[in-house]
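Fold and geometry: a report
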Amino acid sequence: MNQPTKARILPDELLREFAQRFGTPLYVYDAATLLARATELLDARASDGRGFDFVRYAQKANPNLALLELLREHGVLVDAVSSGELVRARSAGYAPHQIQFCADLFDRDTLARLGAEPFAVNVGSPDMLEQLAAVPSATREVTLRVNPGFGHGHDAKVSTGGSTSKHGIWHEALPSAVLRARRHGLEVVGLHVHIGSGSDLENLTRSGAALEAAARVVGASLESISAGGGLPVPYRANEARFDLQKHVEFWCGVRARIEGQLQRRIDLELEPGRYLVAECGLLLSEVRGLKRNGEHEYVLVDAGFHNLVRPAMYGAWHDISVLGRDNEPHEPFLVAGPLCESADVFTQGKGGAPLPRELPRPRIGDLVCLHDAGAYGAAMASNYNSQLLAAEVLVEHSEARLVRQRQSFEHLLEAELRCRR
Ligand code: LLP
């Protein structure tokens, strides 16, 4: 029996045309899918008639300016974890107060930028409080990121809570951090929690109690709470979707209890990355060879972990389909890229275990799609083996637009050639 794969987000004729026009490997994004997800989050309502007051995009998932611009126009705020992300968000047209810097340390460049423009700041480590307070014109209002003592994600590497995570202010250290903030003239106006990425409803809602406890510590100055991101997407064809209704219901309940405690209105914020962009993107790649090495048959494609590192890094699953061959009989294959490293295989489990995938037998020149690659795909790409960063295309109102040129060899070498003696 053929293993079902998810439907391709765009028609095959279009994908073929893009491969011709822009070459492969190629990231293809569908604006309609992206905005459908944004609308879903912005429109979610609990039984009290309220929802998320702010949806803040964690741009680390995919910082392409074209996607940032679309989300900004759609009313989604943005998060930045580095100076580079501050610069991107500004370049995409976000005003400084719509951008929240969220990290566990400030580097010197970031502090200089916070002094120059009124960015919002979410503090993940106590030492950041003095450092921020020492910057003359930086914001005097902060939100604090709480590490609730537990975390959870699709892989241990993406759990961001508990003592094995460097993230956030340890829940027991919150009272002293609040005092420290006040001593330095900072007002704590928000609380934030993010326990990990690609988690599930049960774990994501465990942090509600931690936020309620933290709200009691902060008291009257509190204006907002953030439930963080971490919402999962169905990477496999038969996987159930995340129950967003239960999520919004739960968090509106937390918000209502905090409002009751503090006798004031509290804004509720959500900070997803993956949920907004994973499903709108696919990685298109061309088959360049087939070979058998012992018991495994390999399909060799022109994309590798320099384009999409998630399988090599986390044993993450991406559905794979071959254009024009959906109805042909399937056989087990390992799908591997061009890199000179054995980990360059898209079909692997945790710890690098080979996981042969049932696929139609491709021919050289066929186009292969790696599905749901919009989040943490291009964002985590590298120049390993001096491979070039792929081009990226956005389809909007049936029009395709190049939103990132394929990197050139000139650009690849530029920074070194400039230093040549
Ligand atoms: N907020 C904070 C503070 C975060 O650290 C992250 C992700 C997010 C929000 C967004 O999480 P999301 O909604 O996308 O799950 N490279 C990994 C994911 C690492 C996520 C890091 N932080 C992957 O490919 O699965």
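Residues numbered from 1 in each chain as written. Predicted model: local features only at pLDDT ≥ 70, side-chain atom pairs only at ≥ 80, totals over all residues. Heavy atoms only, no water.

1. A word on the nonpolar core
Note that soluble globular proteins tend to have their nonpolar side chains buried in a common cluster. Counting residues in each nonpolar core, the largest one holds 103 residues, and the members touching the most others are Tyr-57, Leu-114, Leu-144, Leu-191, Leu-222, Ile-225 and Val-277. Per-element tally for this core: the top contributor is helix α10 (residues 244-262), with 7 residues. Formed jointly, this core draws a minimum of three residues from each of two domains, domain 1 (12-28 + 278-417) and domain 2 (31-275). Ignoring any residue separated from it by four or fewer positions in sequence, one finds Val-277 in contact with Leu-34, Tyr-57, Ala-61, Asn-62, Leu-67, Gly-374 and Ala-375. Counting 15 residues, the second-largest nonpolar core is a separate cluster that includes Phe-18, Ala-19, Phe-22 and Ala-391. (Core = buried A, V, L, I, M, F, W, Y, C linked by side-chain atoms within 4.5 Å. Buried < 20%, exposed > 50% of the residue type's maximum accessible area, 1.4 Å probe, protein only. Helix = DSSP H or I, 4+ residues; strand = E, 2+ residues; numbered from the N terminus. Domains from an automatic or database assignment. Contact = heavy atoms within 4.5 Å.)

2. Let's talk about the packing of helix α2 (residues 31-43) against helix α3 (residues 65-73)
The N-to-C vectors of α2 and α3 enclose an angle of 40°; their axes lie 10 Å apart at closest approach. Between α2 and α3, the angle falls in the class oblique. In the crossing of α2 with α3, the sense of the turn from one axis to the other is right-handed. Residue-level inspection shows Ala-31, Leu-34, Leu-35 and Ala-38 of α2 in contact with α3, the latter providing Leu-67, Leu-70 and Leu-71. Of the residues in the contact of α2 with α3, the class split is 7 nonpolar, no polar and no charged. (Axes fitted to C-alpha atoms, helices over the stretch in contact; angles between N-to-C directions. Parallel < 35°, antiparallel > 145°, perpendicular 65-115°, else oblique. Left-handed = near helix turned anticlockwise from the far one by under 90°. Nonpolar A, V, L, I, M, F, W, Y, C, P; charged D, E, K, R; others polar.)

3. Description of helix α4 (residues 83-91)
Along α4, the residues that are buried comprise Ser-83, Glu-85, Leu-86 and Ala-89. Here the buried residues of α4 occupy an arc of 160° about the axis, which is enough to place them on one side. On its buried side, α4 packs onto α3, β3 (77-80), β4 (99-103) and α5 (108-116). Among the residues trailing α4, Gly-93 stands out with phi positive, at a value near 95°. (Arc of directions from axis to C-beta.)

4. Overview of the domain arrangement of the protein
Taken domain by domain, the protein consists of domain 1 (12-28 + 278-417) and domain 2 (31-275). With centres defined by C-alpha atoms, the gap from domain 1 to domain 2 works out at 31 Å. Taken together, the contact between domain 1 and domain 2 spans 23 residues of the former and 25 residues of the latter. Taken together, both faces of the contact between domain 1 and domain 2 bury some 2100 Å²; the carbon and sulfur share is 52%. Summed over the three residues of domain 1 that lose the most area to domain 2, namely Glu-279, Trp-317 and Tyr-376, the buried surface amounts to 29% of that side. Applying the counting criterion to the domain 1 and domain 2 interface returns 3 salt bridges. In this structure, Arg-37 engages Glu-279 in a salt bridge whose closest nitrogen and oxygen atoms are separated by 3.1 Å. Summed over the shared surface of domain 1 and domain 2, the number is 12 residue pairs in polar contact (both at pLDDT 80 or more). If one sorts the elements of the side of domain 1 that touches domain 2 by residue count, strand β17 (residues 391-396) sits on top with 4 residues. (Buried area = accessible area lost by both parts, 1.4 Å probe. Salt bridge = Lys/Arg side-chain N within 4 Å of Asp/Glu carboxyl O. Polar contact = N/O pair within 3.5 Å; in protein donor to acceptor, adjacent residues only side chain to side chain.)

5. What about unusual backbone geometry?
Pro-25 follows Thr-24 through a cis peptide bond whose omega is -10°. Residue placement: Pro-25 occurs in the loop between α1 (12-22) and β1 (26-30). A positive phi angle, close to 55°, is found at Gln-263, a residue other than glycine. With phi around 50°, Asp-372 is a residue other than glycine that occupies positive phi space. Relative to the helices and strands, Asp-372 is located in the loop between β16 (367-370) and β17. On the basis of relative accessibility, which here comes to 6%, the residue Asp-372 falls in the buried class.

6. Quick word on the side chain of Glu-269
Mapped onto the elements, Glu-269 comes out in strand β10 (residues 267-270). Polar contacts involving the side chain of Glu-269 include one to the side chain of Arg-56, which spans 2.5 Å. Each residue touching Glu-269, except ones within four places of it in the same chain, is listed here: Phe-54, Arg-56, Gln-100, Ile-225, Ser-226, Ala-227 and Gly-228.

7. Side note on α1
Listing the buried residues of α1 in full gives Asp-12, Leu-15, Phe-18, Ala-19 and Phe-22. All buried residues of α1 fall inside an arc of 120° around its axis, so they share one side. Facing away from the buried side of α1, by more than 90 degrees, are the exposed residues Glu-13 and Gln-20. As for α1, its buried residues are in contact with β1, β11 (281-293), β16, β17 and β18 (399-404). Phi for Gly-23, located one or two positions after α1, is positive at around 80°.

8. With respect to the site of the ligand
Around the ligand, 19 residues are found, and the nearest of them are His-154, Ser-197, Glu-271, Arg-310 and Tyr-376. Contact distances for the ligand include 2.6 Å between an oxygen atom and a side-chain N or O atom of Tyr-376. Against a free-state accessible area of 580 Å², the protein chains account for coverage of 92% of the ligand. Each of domain 1 (12-28 + 278-417) and domain 2 (31-275) gives at least three residues to the shell around the ligand. (Near = heavy atom within 4 Å. Areas by Shrake-Rupley, 256 points an atom, 1.4 Å probe, with all protein chains shown as cover.)

9. Some words on the packing of aromatic side chains
When we look at a pair of aromatic rings, we describe it by the centre distance and by the angle of the planes. Applying the stated rule across the entire model yields 6 aromatic pairs. With a centroid separation of 6.1 Å and an interplanar angle of 15°, the aromatic rings of Tyr-27 and Tyr-29 are classed as stacked. For the pair shown, Tyr-27 and Tyr-29 are each scored as buried. Between the aromatic rings of Phe-101 and Phe-106, the centroid separation amounts to 5.8 Å while the plane-to-plane angle is 25°, which identifies the pairing as stacked. The burial state of Phe-101 is the same as that of Phe-106; both residues are buried. Between Arg-206 and the ring centre of Phe-150, over which it is positioned, the NZ or CZ distance is 3.8 Å. Above the face of the Trp-317 ring, Arg-236 is positioned so that its terminal group lies 3.9 Å from the ring centre. (Phe/Tyr/Trp six-rings, centres within 6.5 Å; stacked < 30°, edge-to-face > 60°. Lys NZ or Arg CZ within 6 Å of the ring centre and 35° of its normal.)

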